[in-house]
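A look at the structure
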Amino acid sequence: MTVFADYDFYKKEYLCGKSAVIDTASFDFYARKATQRIKVFTFDNIDESNIPEYVKFCCCEVAELLYKDENSTNIVS
């Protein structure tokens, strides 16, 4: 399965020098999950041989959201 964004794109293009939310070891997992979600919402209509930059940015954003959601501590007081 093609993943819409790799860690190199995430670090260099998406983050633009900011600190990474997702560590190197976890990125592939969350990028794959993000790609699957994007495919569902686009009815698998993305040309995987020519992935647009905006789709790569979306993949990074969704990956971060999924990572944050799974790694948050939801403590109710």
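In this report, we go over the structure that sits alongside the text. Worth saying up front: this structure is predicted, and the values here are computed from it rather than measured.

As for the pattern of salt bridges
- Applying the stated criterion to the full structure yields three salt bridges.
- Residue K33 is joined to E70 by a salt bridge in which the shortest nitrogen-to-oxygen separation is 2.5 Å. Remark: E70 occurs in helix α3 (residues 53–71) and K33 occurs in helix α2 (residues 24–41); sequence separation between them is 37 residues.
- Judged by relative accessible area, K33 falls into the partly exposed class, the value being 23%.
- Its salt-bridge partner being E48, residue K39 comes within 2.6 Å of it at the nearest N-O pair.
- Residue K39 is classed as buried on the basis of its relative accessible area, which comes to 17%.

Criteria and thresholds
Residues numbered from 1 in each chain as written. Predicted model: local features only at pLDDT ≥ 70, side-chain atom pairs only at ≥ 80, totals over all residues. Heavy atoms only, no water. Salt bridge = Lys/Arg side-chain N within 4 Å of Asp/Glu carboxyl O. Helix = DSSP H or I, 4+ residues; strand = E, 2+ residues; numbered from the N terminus. Buried < 20%, exposed > 50% of the residue type's maximum accessible area, 1.4 Å probe, protein only.

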